[in-house]
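# Descriptive structure summary
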Amino acid sequence: MRTLWQAIGSEWAKLWSVRSTWWCLAGAAALMVVTALTLGGASATDALREGRAGARVTASEAVVSATSYVQFALVALAMLAITSEYSSGSIRATLQATPARGVVLAAKALVVAPVMAVAGVLSGAVATVVVQVVLSGALFGGLVVSPIGEVVPDLLGVGAFFALVSVMTLGVGAAMRSAAGTLTVVFMLLMGVPLMLLTTGSQAALDASLRMPTFAGLAFMGSADNLTGGPMPYSAGEGLAWLLAWTAAALAAGHAVLRRRDA
């Protein structure tokens, strides 16, 4: 029976031995740059159109907003970390080597989380530099962009958000056992259900939607708005608490299914 550290080593080797890992990470980085640049450019264009001389557009704000779209590239990678084993049948060998189901899930989470955190920070940093260079160039010369040193907390927040959403996906994957089912459930949690709740026009539905993972993450990362045109109704600390609660619930569900059902 392998120890947790041995299981972590095995999961680390499995993660980096497939091409999908590299493609997902590269895709996330490219999507982060393109999306952040698009959102930042839109904000800058609005500022110039309104004639706000010396307007201040923070590059990291565009990066934080871009996470709502980029998260799905990393969700795909986190999903494959467990569902690919069920589709190939290799989960049987994994559970034979490590019979303790909690150890298996913990090892996967302890590998996925730091990889996604680093991917978030690095892709966010690259996107921030690109947005900063473009917005402070001749095309948007009337704008003032925040110094790079001011965006470090935002980048760390992006990394933490990606790590938690990926671990949540891992928990859903352990419960659903299939890529299609996992992707459907995670998409509904991140976008589908919140957007449907927003369309109801009910204040209670709005409050519920703003406490689901994506909006909780935006609050945690210090987003200036909730993507609906209004401000976040709670603090960054509460946003982190909601995000941790969703992640813990998904892991608990995944662990329960993993314990009760055979591979």
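Bear in mind that the values here come from a model prediction, so they are computed numbers and not experimental data.

This part is about the overall build of the protein. For the protein, the count of helices and strands is 10 helices and zero strands. Secondary structure of the protein in N-to-C order comes out as α-α-α-α-α-α-α-α-α-α. Taken over 263 residues, the protein has a buried fraction of 46%. In the protein, the share of contacts with a sequence separation of at least 24, taken over all contacts with a separation of at least 6, comes to 76%.

The geometry of helix α6 (residues 152-176) relative to helix α10 (residues 236-260) is characterised by a closest axis approach of 7 Å and an angle of 25° between their N-to-C directions. What the angle tells us is that α6 and α10 run roughly parallel. Crossing angle aside, the handedness with which α6 passes α10 is left-handed. Of the residues in α10, those in contact with Phe161, Leu164, Val165, Val167, Met168, Gly171, Val172, Ala174 and Ala175 of α6 are Leu240, Leu243, Leu244, Trp246, Thr247, Ala250, Leu251, Ala253, Gly254 and Val257.

Our focus in this paragraph is the packing of aromatic side chains. Under the criterion given, the structure shown has four aromatic pairs. Seen in terms of ring centroids, Phe161 and Phe162 are 5.8 Å apart; in terms of plane orientation they differ by 45°. Their pairing is tilted. An identical accessibility class is assigned to Phe161 and Phe162; each is buried. Members of the aromatic cluster, each reached through a chain of ring pairs, are Trp12, Trp16 and Trp22.

When the UniProt feature table is mapped to this numbering, "transmembrane region" (unreviewed entry) covers residues 20-42, 62-82, 102-122, 155-176, 183-206 and 240-258. In residues 20-42, helix accounts for 100% and strand for 0%; the two terminal C-alpha atoms are 32 Å from one another. Strand forms 0% of residues 102-122 and helix 100%; the C-alpha atoms that close the span are 30 Å apart.

With that settled, the discussion passes to the pattern of salt bridges. A complete count under the given rule lists five salt bridges for this structure. In this structure, Lys14 and Glu11 form a salt bridge, with 2.9 Å as the shortest nitrogen-oxygen distance. Here the residue Lys14 and the residue Glu11 both occupy positions in helix α1 (residues 4-16), the gap between them amounting to three residues, near one helical turn. Under the relative-accessibility criterion, Lys14 is labelled partly exposed at 28%. A relative accessible area of 8% places Glu11 in the buried class. The residue Lys108 makes a salt bridge to Glu85 at a minimum N-O spacing of 2.3 Å. Linking Lys108 in helix α5 (residues 101-135) with Glu85 in helix α3 (residues 59-88), this pair joins segments that are 23 residues apart in sequence. No difference in accessibility class separates Lys108 from Glu85, as the two residues are buried. Each member of the salt-bridge network shares a partner with another, and the members are Glu11, Lys14, Glu85 and Lys108.

The subject of this paragraph is the nonpolar core. One broad rule of soluble globular proteins: the nonpolar side chains tend to lie buried together. Counting residues in hydrophobic clusters, the biggest one holds 64 residues, and the most contacted among them are Met32, Ala36, Met116, Val158, Phe162 and Met221. Sort the elements by how many residues they give to this core and α3 lands first, with 14 residues. Those residues within four positions of Met116 in sequence are excluded, and the remaining contacts are Leu74, Leu77, Ala78, Gly159, Phe162, Ala163 and Ser166.

Moving on, we get to α6. Each α-helix winds once per 3.6 residues, and so residues spaced three or four apart point in a common direction. With 25 residues, α6 ought to run about 36 Å at 1.5 Å a step, and its terminal C-alpha atoms sit 36 Å apart, in line with that. In terms of residue burial, α6 counts as a mostly covered element, since 19 of its 25 residues are buried. Following α6 by one or two positions, Arg177 adopts a phi angle in the positive range, close to 70°.

Let us look at the packing of α1 against α5. Axis separation between α1 and α5 bottoms out at 8 Å; the angle between their running directions is 55°. If you check the angle between α1 and α5, you find them oblique. Our pair here, α1 against α5, has a crossing hand that is right-handed. For the pair α1 and α5, contact is made by Leu4, Ala7, Ile8, Glu11, Trp12, Lys14, Leu15 and Trp16 and by Val103, Ala106, Ala107, Lys108, Leu110, Val111 and Val115, respectively.

Reading guide: rules and limits
Residues numbered from 1 in each chain as written. Predicted model: local features only at pLDDT ≥ 70, side-chain atom pairs only at ≥ 80, totals over all residues. Heavy atoms only, no water. Helix = DSSP H or I, 4+ residues; strand = E, 2+ residues; numbered from the N terminus. Buried < 20%, exposed > 50% of the residue type's maximum accessible area, 1.4 Å probe, protein only. Contact = heavy atoms within 4.5 Å. Axes fitted to C-alpha atoms, helices over the stretch in contact; angles between N-to-C directions. Parallel < 35°, antiparallel > 145°, perpendicular 65-115°, else oblique. Left-handed = near helix turned anticlockwise from the far one by under 90°. Phe/Tyr/Trp six-rings, centres within 6.5 Å; stacked < 30°, edge-to-face > 60°. UniProt positions renumbered as here; feature names shortened; annotations may be inferred. Salt bridge = Lys/Arg side-chain N within 4 Å of Asp/Glu carboxyl O. Core = buried A, V, L, I, M, F, W, Y, C linked by side-chain atoms within 4.5 Å. Expected span 1.5 Å × (residues − 1).

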